[in-house]
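Architecture at a glance
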Amino acid sequence: AAGPALGEGGEGGAGGAPLPPHHREVRSGVAFRNPWPSFAKEKKHRTLSLLNSVRVSHKEPSKAELAALILLSEAPDFTLGACSVASSSRNIAVTWLGHSTFIVQMADLTILTDPTNAFTGIGESLSNENGSFAAADTASEQTSPSASSPVAATGEEKHSFFYPTPIRVVPPFLHIAQLPKIDVVVVSNNRKEHLDLAVVPYLRRARWFVPLGVAAAVKKADVGGRPGEEPLNITELDWYNEVEVNSTRIACTPAQFASADRNKSLWSSWCFVGRKAAVFFCGASGYRGIPAGSDRHDDIYYRKKFPHCPEFKEIGRRYGPFTLSMLPIGGKGDGDSGLYCDAMDAACVHREIKTKQSVPAQWGAFARGGEPLLAPVRKIEMALEEVGVHNSDFMVIYPGKTTIYH
């Protein structure tokens, strides 16, 4: 079901009907935009910010930080998660696999968010309850993770000057065959650190939900399955569209970001609302842009001078309160970008969406934006104090650890 459009309508669409404000007409059809002052403010500083990001996005991490993250990684316990959610529909089990890839186990549903190159075994033959892939039947160029850029699949350049592909520096630790049965896969945007198309055949038996414009690339990547199998079950949704799967409402909700194909496809966050528990997955998003070069970017009162994205409060109103939220904290560095959140932005989002607990995402997997791997989490304690969020309500989980929330 489609919810009402955001704010005032945009230009006229087909049949003279006004477009939603996050849609815009282009010669090739429809593209997308962030329709809020919180993003327009960022545009003034965007070129310098992105040029700096390009120059340093592939900076090597320190050996100490890399070793620390590898040592902190644990083997997931999906059986613990399944038993916990079976015992109470209020429970949620979450396993973080790095960046924005999570396994969310709820009472009636197991969800995988943003399937990236978080797994070993990609390119190997496999057939199980999640999918089937016969490596011998598929050219290696199609299955290689390095060749599976979503923008490559849509005919765009693999590496955009303004949106370089980050390099994963913390190696994946979970074999694709070790995943539990996945009911639903959601994708927040088509950039490679959020969607690695090489993973698609291994998850072809799940139901996929993606923002507008993303489905074509995912369908194209669905290769190597058994003869006679049903085609990939994939649904595109616009902001505030909803579906129901196994008594859980799944809502595609706004985010302040950009796609890898010059905004020809949409980006989103996601809400999962069960019978007695609800989860918010932010994906990739900014919150507010602040002027580049300021020495007051860690001052919440200074930040409040600049507009912030209004949709998080609306998401909380429509779908909250949430039992748990996964909120991005990496990529912004010390700068101005309205495309990314840091810990202070995430703490503000935590309050606005009405969530009981939150865990940080988008850190500790990729070399991106020149940030040291652990820099985003080092800012959390100060950020929570500035915003007024208790540190027990916003806690770091490490790669692989299965944690229960209720």
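Just so you know, these numbers come straight off a predicted model, no measurement behind them.

Considerations on the sheet that holds strand β15 (residues 248-253)
- What the 6 strands build is an open sheet, ordered β14-β15-β16-β17-β18-β19; its pairing is mixed. Unpaired on one side and paired on the other, β14 (241-245) and β19 (355-361) mark the two borders of the sheet. Looking at each pair of strands side by side, their axes are set apart by 15° on average, direction ignored.
- Pairing of strand β18 (residues 322-328) with β19 involves 6 bridges; the strand directions are parallel. Looking at β19, one finds that Met326 is bridged to Val359.

Thoughts on the side chain of Asn241
- Its location among the elements puts Asn241 in strand β14.
- Of the polar contacts made by the side chain of Asn241, one reaches the backbone nitrogen of Asp238; its length is 2.9 Å.

Things to note about the pattern of salt bridges
- Using the criterion set out here, one finds 13 salt bridges in the structure.
- The residue Glu193 makes a salt bridge to Arg191 at a minimum N-O spacing of 3.6 Å. The two residues Glu193 and Arg191 agree in class, both being buried.
- The salt bridge involving Asp345 is made with Arg303; its shortest N-O contact spans 3.0 Å. Pair noted here: Asp345 is in helix α10 (residues 343-352) and Arg303 is in helix α8 (residues 300-303), with a separation of 42 residues, a long-range link. In terms of burial, Asp345 and Arg303 fall into one category: buried.
- Each of Arg303, Lys332, Asp342 and Asp345 takes part in a single network of salt bridges with overlapping partners.

Quick notes on the rules
Residues numbered from 1 in each chain as written. Predicted model: local features only at pLDDT ≥ 70, side-chain atom pairs only at ≥ 80, totals over all residues. Heavy atoms only, no water. Pairing = 2+ DSSP bridges. Helix = DSSP H or I, 4+ residues; strand = E, 2+ residues; numbered from the N terminus. Axes fitted to C-alpha atoms, helices over the stretch in contact; angles between N-to-C directions. Polar contact = N/O pair within 3.5 Å; in protein donor to acceptor, adjacent residues only side chain to side chain. Salt bridge = Lys/Arg side-chain N within 4 Å of Asp/Glu carboxyl O. Buried < 20%, exposed > 50% of the residue type's maximum accessible area, 1.4 Å probe, protein only.

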